[in-house]
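Chain and residue survey
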Amino acid sequence: MASQAAEQFSEVDKLRVQLLNNVEDMTDCQPDDEPVSSREILIRIENIILGIVTSVSKGEAPVLALPNRSSWANVSFDSAIGLQMSSGPSVSIIRSDCPSSVTKFAQILKILSVIYRLVQRNSYATKRDIYYNNTQLFGSQTAVDSIVDDISCMLKVPRRSLHVLATSKGLIAGDLRYMEEDGTRIDCHSSSAAVAVSSNIAGIRNIVSSAKFVMIVEKDATFQRLLDDDFCTKLCPCIIITGKGVPDVNSRLMVRKLWDTLHIPIFALVDADPHGIEIMCIYKYGSVAMSFEAHSLTVPSVMWLGLLPSDLQRLWVPEDALIPLTKRDESKLSSLLKRPYLSSQPDWQKEMELMQQTRVKAEIQSLAAIAPDFLTSIYLPNKLRYGGWV
């Protein structure tokens, strides 16, 4: 039985050795992730307020300069880190005397005051708490979410250091145990139910796992199917995690935490479509909007396990399970192929170019057209056993 298990994971073990050989070099390329002290955060906020008071005393309209988090021009690519914000990014000026920006100016000041009190008192609040503190001013939860990230970028402080927490949408299951900051012990071993990803990843400690690999699952439906089919028991020991589509920051932080702690291979299981590929790229290389925090969010070692466009041909997936690419898909695919990180991934390029040629996409669920349990009984075990990732 032991020899069978060893054979099952031999290719995964080889990959782990390769990754471990690169860990030291990758670590040397990354900046130290030392937490910013509470006192330093308070000083940075005070300096912003001092600038506003100084402008008012001179009879000038105060302005705030926010680094532009939506521009590719502000981003550079490092293969060891991913997409990271350039040292001198362009900024957006938020004016207090302009009708189009005065509301955002007030919103920023309000959230800065909330953060100041939270840091001062060493207490925490959720982004939802902040929104309901003044719904009339903020208008929507989305506005609060965006401004908290803007402030994090402006202060050059990780969001978790601002004492503002976000409710996690991700789920995790498998061979994993750890302790939350408040002392709660979490055991993810149950195969029938998943555990919600923590809202305070930085506070997690005492991680214990014998997992051979971590598998990121794009969609909740596929994740639940893996749980229903008892995948974590069949292919134990392993860990599976989903951000339920485009991942929230906590799901990305959790994947990074598992990599930093366990240094085991991390695979991505996504739909064979441009949207799924982009989600995988967010885990691996990051996003433009959060590029200022890339060194703590990205995991450049992530491997593409499936569903590969070449799998559709190799496995003879029935044509009625394939979906024609839309104009939007084709545009997204062309955009992805121009991303700076694709030049370092020739195998990914080939897969995406194949998708361009065939002009079809497929969801992971399309494998059920071959056999109802094909995904968990044949596809994934064989992929992992024979090294079918790129």
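Heads up: these notes are all about the structure in this document. (Residues numbered from 1 in each chain as written. Predicted model: local features only at pLDDT ≥ 70, side-chain atom pairs only at ≥ 80, totals over all residues. Heavy atoms only, no water.)

**Here's the deal with the packing of helix α4 (residues 102–121) against helix α7 (residues 141–155)**
Interhelical geometry of α4 versus α7 gives an angle of 70° and a closest axis separation of 10 Å. Viewed along their axes, α4 and α7 adopt a mutual orientation that is roughly perpendicular. Each of Lys104, Gln107, Ile108, Ile111, Leu112 and Ile115 in α4 lies in contact with α7, whose residues at this interface are Val144, Ile147, Val148, Asp150, Ile151, Met154 and Leu155. In terms of residue class, the contact of α4 with α7 is built from 10 nonpolar, one polar and two charged. (Axes fitted to C-alpha atoms, helices over the stretch in contact; angles between N-to-C directions. Helix = DSSP H or I, 4+ residues; strand = E, 2+ residues; numbered from the N terminus. Parallel < 35°, antiparallel > 145°, perpendicular 65-115°, else oblique. Contact = heavy atoms within 4.5 Å. Nonpolar A, V, L, I, M, F, W, Y, C, P; charged D, E, K, R; others polar.)

**Looking at the packing of aromatic side chains**
Enumeration according to the criterion identifies seven aromatic pairs in this entry. The interplanar angle of 80° and the centroid separation of 5.5 Å between the aromatic rings of Phe77 and Tyr285 together place this pair among those described as edge-to-face. A residue pair is termed long-range when its members are at least 10 positions apart, and Phe77 in strand β2 (residues 75–78) and Tyr285 in helix α11 (residues 274–285) qualify at 208 residues. Accessibility expressed as a relative area gives 27% for Phe77, which makes it partly exposed. Judged by relative accessible area, which is 3%, Tyr285 ranks as buried. (Phe/Tyr/Trp six-rings, centres within 6.5 Å; stacked < 30°, edge-to-face > 60°. Buried < 20%, exposed > 50% of the residue type's maximum accessible area, 1.4 Å probe, protein only.)

**Observations regarding the environment of Lys244**
By the secondary structure assignment, Lys244 is in the loop between β13 (239–242) and α10 (249–262). Lys244 sits 234 residues away from Ser10 along the chain, and the two C-alpha atoms are 30 Å apart. Setting aside residues up to four positions removed in sequence, Lys244 forms contacts with Lys169, Leu171, Glu218 and Asp220.

**Concerning a nonpolar patch on the surface**
On the surface, Val63, Val91 and Ile93 cluster together into a nonpolar patch covering about 230 Å² of accessible area. Looking at the secondary structure, you find Ile93 in strand β4 (residues 91–95). (Patch = residues over 30% accessible without salt bridge, like charges linked within 9 Å, V, L, I, M, F, W, Y side chains within 5 Å. Areas by Shrake-Rupley, 256 points an atom, 1.4 Å probe, with all protein chains shown as cover. Salt bridge = Lys/Arg side-chain N within 4 Å of Asp/Glu carboxyl O.)

**Some details on the pattern of salt bridges**
Following the criterion strictly, the structure yields 19 salt bridges and no others. Residues Arg69 and Asp150 are paired through a salt bridge, measuring 2.8 Å at the closest nitrogen-oxygen approach. Placement of Arg69 in the loop between β1 (63–67) and β2 and of Asp150 in helix α7 is noted, with a sequence separation of 81 residues between them. Taking relative accessible area as the criterion, Arg69 reaches 13% and is therefore assigned buried. Assessed through its relative accessible area of 7%, Asp150 is described here as buried. In this structure, the salt-bridge partner of Asp97 is Arg95, at a minimum N-O distance of 2.9 Å. In this structure Asp97 comes out as partly exposed when scored by relative accessible area, which is 46%. When its relative accessible area of 36% is taken as the criterion, Arg95 is described as partly exposed. Through salt bridges that share partners, Arg69, Lys104 and Asp150 make up one connected network.

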